Amino acid sequence: MDTQERGRLFLSDLGTPKESPVSAVLANLTLDGLKTLLKQQLRGRKVNMVRFADDFIVTGISKELLEYQVKPVIEAFMAERGLMASPEKTNITNIADGFDFLGWNFRKYKGKLLQRPSKDNMAAVKSKICQIISSNKTAKQESLIRQLNPVI
């Protein structure tokens, strides 16, 4: 994150903390317009985008459409802004195989859309619950319940 002091600019490569509220605001500002661009560039094709802060998914009618038409539009849009999609998080998959998004797993099975908490999300919640219980072994029941309620 660059800082300015007494009219002098000091460059830094630290960036914005990932969980910071300003990070979500910056991501929203940066990605604003991507959905509109996809609709303009891919007019008439079944393409939809869902976005939350810097996380987004794009759905399409086929893997080929997503790979050869949608992905290049997204990559060019992000490159113009000095960004690139994370190769580890970028995945083109069939909805029948399912995918995780914002702590949820989405999958289509026998024509029905199923959504449930992702395995990673469930493991994190279970771990947090275990940690609260183990660090409050001598606490009164009402105190333990008060700490567990926001997690549950």
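Parameters and conventions
- Residues numbered from 1 in each chain as written.
- Predicted model: local features only at pLDDT ≥ 70, side-chain atom pairs only at ≥ 80, totals over all residues.
- Heavy atoms only, no water.
- Helix = DSSP H or I, 4+ residues; strand = E, 2+ residues; numbered from the N terminus.
- Polar contact = N/O pair within 3.5 Å; in protein donor to acceptor, adjacent residues only side chain to side chain.
- Contact = heavy atoms within 4.5 Å.
- Salt bridge = Lys/Arg side-chain N within 4 Å of Asp/Glu carboxyl O.
- Buried < 20%, exposed > 50% of the residue type's maximum accessible area, 1.4 Å probe, protein only.
- Axes fitted to C-alpha atoms, helices over the stretch in contact; angles between N-to-C directions.
- Parallel < 35°, antiparallel > 145°, perpendicular 65-115°, else oblique.
- Left-handed = near helix turned anticlockwise from the far one by under 90°.
- Pairing = 2+ DSSP bridges.

S.K.: Lay out the side chain of Asn-105 with the relevant residues and their values.
M.R.: Assignment of secondary structure puts Asn-105 in strand E6 (residues 104–109). At a separation of 2.8 Å, a polar atom in the side chain of Asn-105 contacts the side chain of Asp-100. Asn-105 has contacts with Phe-99, Asp-100, Leu-114, Gln-115, Arg-116, Pro-117 and Ser-118, leaving out every residue within four places of it along the chain.

S.K.: An account of the pattern of salt bridges is needed here, citing residue identities and associated values.
M.R.: Under the criterion given, the structure shown has 4 salt bridges. Taking the shortest distance from any N to any O, the salt bridge between Arg-51 and Asp-32 comes out at 4.0 Å. Placement of Arg-51 in strand E3 (residues 47–52) and of Asp-32 in the loop between helix H1 (21–31) and helix H2 (34–41) is noted, with a sequence separation of 19 residues between them. For Arg-51, a relative accessible area of 31% translates into the label partly exposed. The class for Asp-32 is exposed, based on a relative accessible area of 54%.

S.K.: Describe unusual backbone geometry, naming the residues involved and giving the relevant values.
M.R.: Positive phi is not limited to glycine here, since Ala-53 has a value of about 55°. Relative to the helices and strands, Ala-53 resides in the loop between E3 and strand E4 (55–60). Of note in the backbone geometry, Leu-102 takes a positive phi value of approximately 55° without being a glycine. Relative to the helices and strands, Leu-102 resides in the loop between strand E5 (99–101) and E6. Given the relative accessible area of 42%, Leu-102 is considered partly exposed.

S.K.: Which residues make up the packing of H2 against helix H3 (residues 63–80), and what are the values?
M.R.: Two numbers describe how H2 lies on H3: the axes approach to 10 Å, and their chain directions differ by 140°. Relative to H3, H2 is oriented oblique. Crossing handedness for the pair H2 and H3: right-handed. Residues Leu-34, Leu-37, Leu-38 and Gln-41 of H2 lie in contact with H3, whose contacting residues are Val-70, Val-73, Ile-74 and Phe-77.

S.K.: How would you explain the sheet that holds strand E7 (residues 112–117) if you had to name every residue and give the values?
M.R.: Taken in spatial order, the 3 strands of this open sheet run E5-E6-E7, and their pairing is antiparallel. Each edge of the open sheet carries a strand with a single partner, namely E5 and E7. Strand-to-strand twist of the sheet, defined as the mean angle between neighbouring strand axes without regard to direction, takes the value 30°. Examined bridge by bridge, E5 and E6 share 3 bridges and lie antiparallel to one another. By the bridge assignment, Phe-101 is partnered in E6 with Trp-104.

Keep in mind these values describe shape, not function.
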